[in-house]
Amino acid sequence: MEDSIEVILQDYVGVRSMKRPHPIVSACLGAVLTGLYGVWSLFALPGFRRIPWRLKVPYLPSSKDQTLNIMKLLEGRAGLLADLGSGDGRVVFAASSAGFKCTGFEINSILVAYARRKARWQGVPCDQVTFVKEDFWKTDLSAFNNVTAFLAPGVMEVLGEKLLKELPDDARVISCRFPVPNWPQRSSVGSGLDQTFAYDIRYVRSYLRKVPNTAL
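Residues numbered from 1 in each chain as written. Predicted model: local features only at pLDDT ≥ 70, side-chain atom pairs only at ≥ 80, totals over all residues. Heavy atoms only, no water.

Colleague: Any chance you could explain the sheet that holds strand 6 (residues 187-189) here in plain terms?
Modeller: In space, the 7 strands of this open sheet follow the order 3-2-1-4-5-7-6, with mixed pairing throughout. Both edges of this open sheet fall to strand 3 (129-133) and strand 6, since each of them pairs with a single strand only. The mean angle between the axes of side-by-side strands here comes to 15°, regardless of whether they run parallel or antiparallel. Both strand 1 (residues 80-84) and strand 4 (residues 146-149) contribute to a ladder of 4 bridges, which runs parallel. Looking across to strand 4, one finds that Asp 83 is bridged to Thr 148. (Pairing = 2+ DSSP bridges. Helix = DSSP H or I, 4+ residues; strand = E, 2+ residues; numbered from the N terminus. Axes fitted to C-alpha atoms, helices over the stretch in contact; angles between N-to-C directions.)

Set out below in structure tokens:
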């Protein structure tokens, strides 16, 4: 009986030792995870300290389908376009190729530098595309008649309040993935994560005037 117990204990210890990760493997895994976090933080976190917590949005680039959806909703329009949280500039470049004069607002200095360098490399005229390291929450957007945004659901209501105060009646707002609460959509394209919404400010204001207790 004692021999059987010793065999069982030996087998148990053997299984436990096999399940325990090797120290080198654990160290390598830790180093990889730390490195990935470091790279992510370079793109997602710079500038966050200057923005209230409730308005912080991590960097998440728009997909190819989202960018195409934005361009569909901009068809027939022209003028000045502001991309809020422009990231690597992909929406700005797409819109500028369609004739818009674009300004990309981005607080991440690394992404701003990348977008500016890409613009120079592609030979985009500086009067057609501008990337500014600036907090759009603190910027007056009244000069723009087209605004695009791919932010986060928690900030969309605040964004809507800001845009209603500042944008002209003929402005169009295009939001990727996350709709503006209480705003009537003029149209939308795509589905799921790539769904994109278009709002005309004149139509939104007209609609909200009919809603009780709505401040414009």
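Next comes the rest of the description.
Colleague: Sorry if this is basic, but what is going on with helix 3 (residues 64-73) here?
Modeller: Turn by turn, an α-helix covers 3.6 residues, leaving residues three or four places apart pointing in a common direction. Every buried residue of helix 3 is listed here: Gln 66, Thr 67, Asn 69, Ile 70, Met 71 and Leu 73. Buried-residue contacts for helix 3 involve helix 4 (90-97), strand 4, strand 5 (172-176), strand 6 and strand 7 (196-200). (Buried < 20%, exposed > 50% of the residue type's maximum accessible area, 1.4 Å probe, protein only. Contact = heavy atoms within 4.5 Å.)

Colleague: Sorry if this is basic, but what is going on with the nonpolar core here?
Modeller: It is characteristic of soluble globular proteins that their nonpolar side chains tend to be buried jointly. If you look at the biggest cluster of nonpolar residues, it comprises 48 residues, and the most contacted ones within it are Leu 84, Leu 159 and Trp 183. Ranked by the residues each element gives to this core, the list is headed by helix 4, at 5 residues. (Core = buried A, V, L, I, M, F, W, Y, C linked by side-chain atoms within 4.5 Å.)

Colleague: Would you mind going over the packing of helix 3 against helix 4 with me for this structure?
Modeller: To describe two helices that pack against each other, one gives the angle between their axes and the distance between the axes. Two numbers describe how helix 3 lies on helix 4: the axes approach to 10 Å, and their chain directions differ by 35°. Here the hand of the crossing between helix 3 and helix 4 comes out right-handed. Contacts between helix 3 and helix 4 involve Thr 67, Ile 70 and Met 71 from the former and Arg 90, Val 91, Ala 94 and Ala 95 from the latter. Here the residues of the contact of helix 3 with helix 4 sort into 5 nonpolar, 1 polar and 1 charged. (Left-handed = near helix turned anticlockwise from the far one by under 90°. Nonpolar A, V, L, I, M, F, W, Y, C, P; charged D, E, K, R; others polar.)

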